[in-house]
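Coordinate inspection notes
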Amino acid sequence: TTVYDNNKQQRKSQHDDLLLMIGHCLRGLALLGKGADAESAFARVAIMPIIRSKLSMGKLDEGGSRGECAGLFFLLDGIANTISTMYGSILRSSESMFTNETGNGSKSSSSCWRMEVDLVTCGVWVPVATALMADPGIKMAIFSPGIANVLQANYSALDTFLSELASSLLLLQSPQEKDVTQEEEKTSIESGNFSHLYYRPTIQADAIERAQTRLYAHPTTVEFSKRWNLPIYYQLRFAEFCKRLDKAIEGVSREGWTADVFTGDAKDGKKISDTFGYELPFFFELYDILLSMWKPDVYLRPLTHRFLRGAMQLIGRVLAFVKDGADGKIQFGGTEESEGETDLSETSLAIPAYFWNERVEDVAVVAWELTILETCLTHDYLDYVANTVCPNDRESRQSTHNSSLELEEIRSLASEVLVECSQEFSPLVSNSWYTLIVDRLTKQCCIPLTAVKGVAATYRMTNRPPPTQASPFVASILRPLKEFDTIFSSRTPPQIGDEWKQKIIGAVSSKYSIAVEDLIATVKRTEEALKSRKTRKMMAGGMSDGEKVKLQLLLDYRQYKEDVEELGLESDSIEGLVKLNQLTSEAESLLPK
């Protein structure tokens, strides 16, 4: 044990002496203005042998098929760990030494960008980057693999390597750098070894941040970034998103809004449904596409603006599809057969052709889905995008190399874009409820009003007794509205409220009052004609046919008014109901006392 301890102490002393000599050499070269020579010698003698021993096509593809670069991450990690283990003490000493000699370690100082001797940037990163860009085979495999997934993985691996390079080189200490205990210090002094009194660098977080800043600012890093053909990568990804959306639109056009067009993971679909409340598979697919754009294995930070624009384009495509359908320009269903071979596994029974804007249920469901999507864009989706682009955790934020102020600015810009996009939803939703739903339900509710004319025929010369209850058709006037409201009351957009019901009942009541007014006028003319011919006869109960008709109209009005109030509306605010009250009030004296 004593021999082992002595050997360990001797090795530590030799390491400290060597580190001291290297420090003197670096300081001397810096004073002579030969810092670049020191960096070049360190890169050539220390770093390049490590790179040559670890960088090869075989190791690049290790763990995967040829051309997949499955071993890139582990290759880079191995290079960083080897350099840190072998030369970490020299890098730490150099970084601390020349940062202190500048006399200004503030972030705003020019020393952030250049030091007399910068071994981390020019001694380590430059030779690594140069080696990756110099070999034609390796350069092609990394920067131009031709496969979107491979390029994204390569970029992420190198981006992670670069963003963590300063900390991995400067934070990890070699075994010789451990602090000296009091007992070891006493033993060293007694043996005449004073190496423990040598200068020992201390690397703080701000020094690592400055080193990382120099890495990003170096011209080699700029040249390295230009090697990536990121616009082509984005086009490949965006084509995938568009293909999914086009297939979903095609499926909905063929089978209707309830068509099962979701192609994502079943767990993701259930999560989207449970979390946000989407009901239609088409909107599952759309939202899953929007989320997939920002997944770690898809998103690349330099393409943030493109992905954000792409998301807006996909949403715009959906809004255009919905708008065309709402305007009656798109027909669903039909028996059209696609040219070429038909995939029997995807065949389904053809449905009759129809325009979905004529089905109030479809209109209401789509409007509700749009309302949910609008809310998601300005809340949940915005948070998802912002947390991807501007991560909150400290570890992830290091790789973004942006200040807190810049990160907040990015979040603010994303918010503005998504909020502006969401403003296109409101006109569509309003048109769906105030125009399509109101028009369709108004037509359905007005159909029973044709029976108003038949009230006169019921009592004319039939000798029937006076009415005691409303006509059967009255209950069916607002039945379509009641049934619709029961189903969709919980899925009515908040901004719509009850105004749509007010519009429907107002229109129906107006037509109802016109029909009643015409009937009363006809009854009066008939009574005048009978009276002038002196053929008027008093029927059962002493009530004429005309009075029975008026009494029936009063009872019908009262039943209709109750139905309106059941829908939560005040009858006094509806002009048609007020007019009906005025038209039928004359018959109140005919009610049994």
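Residues numbered from 1 in each chain as written. Predicted model: local features only at pLDDT ≥ 70, side-chain atom pairs only at ≥ 80, totals over all residues. Heavy atoms only, no water.

**Digging into the overall build of the protein chain**
- Secondary structure assignment for the protein chain yields 26 helices and zero strands.
- Expressed as a percentage of the 593 residues in the protein chain, the buried residues total 45%.
- Sequence-distant contacts, at least 24 apart, represent 78% of the contacts inside the protein chain between residues at least 6 apart.
- A total of about 31000 Å² of accessible surface is found on the protein chain, and carbon and sulfur atoms cover 53% of it. (Helix = DSSP H or I, 4+ residues; strand = E, 2+ residues; numbered from the N terminus. Buried < 20%, exposed > 50% of the residue type's maximum accessible area, 1.4 Å probe, protein only. Contact = heavy atoms within 4.5 Å. Areas by Shrake-Rupley, 256 points an atom, 1.4 Å probe, with all protein chains shown as cover.)

**Structural notes on the packing of aromatic side chains**
- Within this structure, the stated rule accounts for 33 aromatic pairs.
- Arranged with centres 5.9 Å apart and planes meeting at 85°, the rings of F332 and Y354 form a pair that is edge-to-face. One end of the pair, F332, is in the loop between α15 (304-326) and α16 (360-378); the other, Y354, is in the loop between α15 and α16, and 22 residues separate them in sequence.
- Through a chain of ring-to-ring contacts, three or more aromatic side chains come together here, namely W257, F282, F283, F321, F332, Y354 and W356.
- The ring of Y354 carries the charged tip of R359 above its face, separated from the ring centre by 3.6 Å.
- Just above the ring of Y434 sits the side chain of K503; from NZ or CZ to the centre is 5.8 Å. (Phe/Tyr/Trp six-rings, centres within 6.5 Å; stacked < 30°, edge-to-face > 60°. Lys NZ or Arg CZ within 6 Å of the ring centre and 35° of its normal.)

**Quick word on the environment of L151**
- Its place among the elements puts L151 in helix α7 (residues 148-163).
- Between the C-alpha atom of L151 and that of A141, which follows or precedes it by ten residues, the distance is 8.8 Å.
- Dropping the residues within four chain positions of it, L151 is found in contact with F143, P145, W228, L230, Y233 and L300.

**Some thoughts on helix α6 (residues 136-143)**
- Every buried residue of α6 is listed here: I138, A141, I142 and F143.
- The opening residue of α6 is D135, an N-cap whose side-chain oxygen sits 3.0 Å from the backbone nitrogen of G137. (Polar contact = N/O pair within 3.5 Å; in protein donor to acceptor, adjacent residues only side chain to side chain.)

**Focus: the nonpolar core**
- Among the nonpolar cores identified, the biggest contains 171 residues, and W257, F282 and Y560 are the most heavily contacted of them.
- Looking at this core element by element, the count peaks at twelve residues for α16.
- Contacts of F282, omitting those with residues within four sequence positions, involve L245, A248, I249, V252, W257, V261, V318 and F321. (Core = buried A, V, L, I, M, F, W, Y, C linked by side-chain atoms within 4.5 Å.)

**Considerations on the packing of helix α20 (residues 425-446) against helix α23 (residues 479-488)**
- Between α20 and α23, the least distance of the axes is 9 Å, while the angle of their chain directions is 140°. What the angle tells us is that α20 and α23 run oblique. Within the contact between the two elements, α20 uses W433, I437, L441, Q444 and C445 and α23 uses P480, L481, F484 and F488.
- Split by residue class, the contact of α20 with α23 holds eight nonpolar, one polar and no charged. (Axes fitted to C-alpha atoms, helices over the stretch in contact; angles between N-to-C directions. Parallel < 35°, antiparallel > 145°, perpendicular 65-115°, else oblique. Nonpolar A, V, L, I, M, F, W, Y, C, P; charged D, E, K, R; others polar.)

**Some details on the packing of helix α12 (residues 230-255) against α15**
- Contact geometry for α12 and α15: axes closest at 11 Å, N-to-C directions at 20°. The orientation of α12 relative to α15 falls into the category roughly parallel. In the packing of α12 onto α15, the handedness of the crossing is right-handed. When α12 is examined against α15, the residues P231, Y233, Y234, F238, F241, C242, L245, D246, I249, V252 and S253 are found in contact with a partner set consisting of R306, F307, G310, Q313, L314, R317, V318 and F321.
- Residue classes in the contact of α12 with α15 are distributed as 13 nonpolar, three polar and three charged. (Left-handed = near helix turned anticlockwise from the far one by under 90°.)

**Overview of a negative patch on the surface**
- Negative charge collects at one region of the surface, where E562, E565, E570 and D572 lie side by side.
- Relative to the elements of secondary structure, E565 occurs in helix α25 (residues 545-566).
- Looking at E565, the relative accessible area reads 41%, which means it is partly exposed. (Patch = residues over 30% accessible without salt bridge, like charges linked within 9 Å, V, L, I, M, F, W, Y side chains within 5 Å. Salt bridge = Lys/Arg side-chain N within 4 Å of Asp/Glu carboxyl O. Lys, Arg positive; Asp, Glu negative; His and termini not counted. Charge placed at Lys NZ, Arg CZ, Asp CG, Glu CD.)

**Side note on helix α13 (residues 266-276)**
- Where α13 starts, the residue carrying a side-chain oxygen 2.9 Å from the main-chain nitrogen of K267 turns out to be D265.
- Note on α13: the residue one or two positions beyond its end, G277, has a positive phi of about 90°.

**Some thoughts on the pattern of salt bridges**
- Under the defined criterion, the tally for this structure stands at 20 salt bridges.
- The partner of R214 in a salt bridge is E95, and the shortest N-O contact between them spans 2.7 Å. Within this pair, whereas R214 is found in helix α10 (residues 205-217), its partner E95 is found in helix α4 (residues 72-101), the two being separated by 119 residues in sequence. The same class applies to R214 as to E95, namely buried.

**Some details on the side chain of D563**
- Looking at the secondary structure, you find D563 in helix α25.
- The contacts of D563, once residues within four sequence positions are left out, are V474, A475, L478 and K482.

**A few points about the environment of I504**
- Along the chain, I504 falls in helix α24 (residues 499-532).
- Residue classification places I504 among the buried positions, given a relative accessible area of 0%.
- Linking I504 and K443, residues 61 residues apart in sequence, is a C-alpha distance of 9.2 Å.
- Those residues in contact with I504, other than ones at most four positions away along the chain, are I437, V438, L441, T442 and L481.

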